[in-house]
Amino acid sequence: MKGDILFGVVFCLEFSHRLCLAVFLSVSITWVMMYELISLVCLLFIPGQILSITIVSLVGLLVTYVPMISQLQPLENMMSRFGFSTRPVNSINFLILTVVALLLTSAFIGMNAGKFDSPTISRNKRNTKVAIYKFNELTIFPFLLLVPGDWFTSRFSFLPFFQINGHSYAFLILPMLIGLKLTVRKSVPREFFVKLSKRILVLSLLGILLTIAGIFYQVVIAPAVAILLLGYYLIIGIAKHQDHQVNFEYSEVMDGIRVIGIQPGTPAAKMDLKLGDVILSVNNITVNNEDEFYRALSTNSTYCRFKVRDRNDQLKITESAIFKNSPHEIGVKTYSQVIK
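As the structure is a prediction and not an experimental result, all values here were calculated from the model. (Residues numbered from 1 in each chain as written. Predicted model: local features only at pLDDT ≥ 70, side-chain atom pairs only at ≥ 80, totals over all residues. Heavy atoms only, no water.)

S.K.: Please explain the overall build of the protein chain as it appears in this structure.
M.R.: Across its full length, the protein chain holds 11 helices and 11 strands. The buried share among the 340 residues of the protein chain stands at 45%. Looking at the protein chain alone, contacts between residues at least 24 apart form 72% of all its contacts between residues at least 6 apart. Accessible area for the protein chain stands at about 18400 Å²; split by element, carbon and sulfur atoms hold 63% of it. (Helix = DSSP H or I, 4+ residues; strand = E, 2+ residues; numbered from the N terminus. Buried < 20%, exposed > 50% of the residue type's maximum accessible area, 1.4 Å probe, protein only. Contact = heavy atoms within 4.5 Å. Areas by Shrake-Rupley, 256 points an atom, 1.4 Å probe, with all protein chains shown as cover.)

Here it is as structure tokens:
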């Protein structure tokens, strides 16, 4: 009985100690410099493509498991003058950073992607105009990290001396790049990106479980980072494939007006209109082009009534008040209103 209690106390203390080290994320200055350098190269020479998850995870693996990179003597000499040290840190931190990058990416996609319709015009194999929806956004998330060294204490001696396990650490705010480049061609953009965000969140939760395992078993860390990286690109690949398999295109039609965008805060946003719907008639007047569409709208300066065929070929009626004497501000985007 006493042995079991003693084992439980030792286990709790060990877990608390390792969890404490994990909570206070620390990275080597080598990782910081490589991360910033590779991020800069990607931004300059791979326009529009953000490789945030790849950079975070691969740089962590290189610094941890490639001695040639982790033990650069010129870097050691240069950084020691500034009070930093290239002393290696626990590799669990790089796994945690990968999980954090996944969580931030999931939140970023869920909050921003597909929220506002921003189509561009392309042409399909039949040379017909089609609308596609590109998401190519980047944000910078300031992340507070600890870097081995005494830069902090040597310059601000009036502040408390900061140490962990007898080692000095400096605070460093690292600008972490979070973003995604992806084009939706056939799916409903907002639904597509919400589903993608949830899948990445599930992968992040798996990463948390792998991190807990990595706290006790170091051998788990490298495979865990690789699993998360491959899982991320598998999720992106599956999403692209599913979008390609949808039997629909945002193409021009001969009978009506295809809705390829809805401006927020307009009458169209208050109506039961969806991307891909085809407006067949306005105020009981059949419309086949934009001129007919706006002429029909002008027959009633305060109210409009649409007959619509949705993307599943189902008919519906929707109606709304409009801005008085401003039918052009109905809020429906058509092909001529989109910059190519």
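S.K.: It is not clear to me how the packing of helix α2 (residues 29-45) against helix α3 (residues 52-65) should be interpreted in this structure. Could you clarify?
M.R.: Two packed helices can be described by the angle between their axes and the distance between those axes. For the pair α2 and α3, interaxial distance at closest approach is 10 Å and the crossing angle is 140 degrees. It follows that α2 is oblique to α3 by the angle criterion. Of the two possible hands of crossing, α2 and α3 adopt the one that is right-handed. Counted together, Thr30, Trp31, Met34, Tyr35, Ile38, Ser39 and Cys42 of α2 and Ile55, Val56, Val59, Gly60, Leu62 and Val63 of α3 form the full contact between these two elements. Along the lines of polarity and charge, the residues of the contact of α2 with α3 split into 10 nonpolar, three polar and no charged. (Axes fitted to C-alpha atoms, helices over the stretch in contact; angles between N-to-C directions. Parallel < 35°, antiparallel > 145°, perpendicular 65-115°, else oblique. Left-handed = near helix turned anticlockwise from the far one by under 90°. Nonpolar A, V, L, I, M, F, W, Y, C, P; charged D, E, K, R; others polar.)

S.K.: Explanation requested: the packing of aromatic side chains in the structure shown.
M.R.: The description of an aromatic ring pair rests on the distance of the ring centres and on the angle between the ring planes. In the structure shown here, the tally under the stated rule is eight aromatic pairs. Ring geometry for Phe192 against Phe193: centres 5.1 Å apart, planes inclined by 90 degrees, an arrangement best described as edge-to-face. There is no split in this pair, since Phe192 and Phe193 are both buried. Considering the side-chain rings of Phe293 and Phe306, the 6.0 Å spacing of their centres and the 50 degrees angle between planes classify their relative orientation as tilted. Highlighted residues: Phe293 in helix α11 (residues 290-297) and Phe306 in strand β9 (residues 303-309), separated in sequence by 13 residues. Side by side, Phe293 and Phe306 carry an identical accessibility label, which is buried. (Phe/Tyr/Trp six-rings, centres within 6.5 Å; stacked < 30°, edge-to-face > 60°.)

S.K.: Looking at this model, I keep getting lost on α2. Mind explaining?
M.R.: Think of an α-helix as 3.6 residues a turn; residues three or four steps apart then line up on the same face. Here α2 contains 17 residues, and its C-alpha end-to-end distance of 24 Å stays within 8% of the 24 Å for a straight helix at 1.5 Å per residue. Among the residues of α2, those classed as buried are Ile29, Thr30, Trp31, Val32, Met34, Tyr35, Ser39 and Cys42. (Expected span 1.5 Å × (residues − 1).)

S.K.: What exactly am I supposed to notice about the pairing of strand β10 (residues 315-321) here?
M.R.: Looking along a regular strand, one sees the side chains alternate between the two faces of the sheet. Only one face of β10 is buried, namely the one carrying Lys316, Thr318 and Ser320, since none of Leu315, Ile317, Glu319 and Ala321 on the opposite face is buried. Bridge count for β9 against β10 is seven bridges, and the pairing is antiparallel. Its bridge partner being in β10, Cys304 is matched across the sheet by Ser320. Hairpin connection of β9 to β10: five residues between the antiparallel strands, including Asp313 at a positive phi of 65 degrees. (Pairing = 2+ DSSP bridges.)

S.K.: Explanation requested: a nonpolar patch on the surface in the structure shown.
M.R.: Together, Leu103, Leu201, Leu205, Leu206, Ile208, Leu209, Ile212 and Ile227 make up an exposed nonpolar region whose accessible area comes to about 650 Å². Within the secondary structure, Leu209 is located in helix α8 (residues 189-216). A relative accessible area of 57% means that Leu209 is categorised as exposed. (Patch = residues over 30% accessible without salt bridge, like charges linked within 9 Å, V, L, I, M, F, W, Y side chains within 5 Å. Salt bridge = Lys/Arg side-chain N within 4 Å of Asp/Glu carboxyl O.)

S.K.: Help me understand the pattern of salt bridges, please; the structure alone is not making it clear to me.
M.R.: Using the criterion set out here, one finds five salt bridges in the structure. Measuring nitrogen to oxygen at the nearest pair gives 3.4 Å for the salt bridge that ties Arg126 to Glu249. A residue pair is termed long-range when its members are at least 10 positions apart, and Arg126 in the loop between β1 (119-123) and β2 (129-148) and Glu249 in the loop between α9 (221-245) and β5 (257-258) qualify at 123 residues. Through salt bridges that share partners, Asp255, Arg309 and Asp313 make up one connected network.

S.K.: Whenever I open this one, the nonpolar core confuses me. Can you help?
M.R.: The nonpolar side chains of a soluble globular protein tend to be buried with one another. By size, the foremost hydrophobic cluster in this structure holds 57 residues, and its most contacted members are Trp31, Tyr35, Leu97, Leu180, Phe193, Leu196 and Tyr232. Elements that contribute at least two residues to this core include exactly α2, α3, α6 (92-112), β2, β4 (167-184), α8 and α9. At 11 residues, α6 tops the list of elements feeding residues into this core. Beyond its immediate stretch of four places on either side in the chain, Leu196 contacts Ile109, Leu180, Leu182, Ile235, Ile236 and Ala239. Counting residues in hydrophobic clusters, the runner-up holds 19 residues, among them Val259, Ala268, Cys304 and Ile322. (Core = buried A, V, L, I, M, F, W, Y, C linked by side-chain atoms within 4.5 Å.)

S.K.: Just to check I follow, could you spell out the confidence of the model for the protein chain for this structure?
M.R.: Caution applies to low-pLDDT parts of the model: their predicted coordinates are not meant to be read in detail. Here the protein chain shows a mean pLDDT of 77. Residues at 70 or above account for 73%. Contacts for the low-pLDDT stretch residues 1-23, under 50 throughout, to residues beyond four places or in other chains number 12 contacts. (pLDDT = per-residue confidence, 0-100.)

S.K.: Sorry, what's going on with unusual backbone geometry here?
M.R.: In the Ramachandran plot, Asn283 falls in the positive-phi region, its phi being about 55 degrees despite a non-glycine side chain. Relative to the elements of secondary structure, Asn283 occurs in the loop between β7 (278-282) and β8 (285-286). Phi is positive for Asp313, which is not a glycine, with a value near 65 degrees. Residue placement: Asp313 occurs in the loop between β9 and β10.

S.K.: Sorry, what's going on with the environment of Asn93 here?
M.R.: As for its position among the elements, Asn93 is in helix α6. On the basis of relative accessibility, which here comes to 1%, the residue Asn93 falls in the buried class. Separated by 118 residues in sequence, Asn93 and Thr211 have C-alpha atoms that sit 9.1 Å apart.

S.K.: Is there a simple way to think about the packing of α8 against α9 in this case?
M.R.: One can describe the packing of α8 onto α9 by two numbers: an axis separation of 10 Å at closest approach and a directional angle of 170 degrees. Relative to α9, α8 is oriented roughly antiparallel. Relative to α9, α8 is oriented so that their crossing is right-handed. Contacts between α8 and α9 involve Phe192, Leu196, Arg199, Ile200, Leu203, Gly207, Leu210 and Gly214 from the former and Ile221, Ala224, Leu228, Gly231, Tyr232, Ile235, Ile236, Ile238, Ala239, Gln242 and Asp243 from the latter. Across the contact of α8 with α9, the residue classes tally to 13 nonpolar, four polar and two charged.

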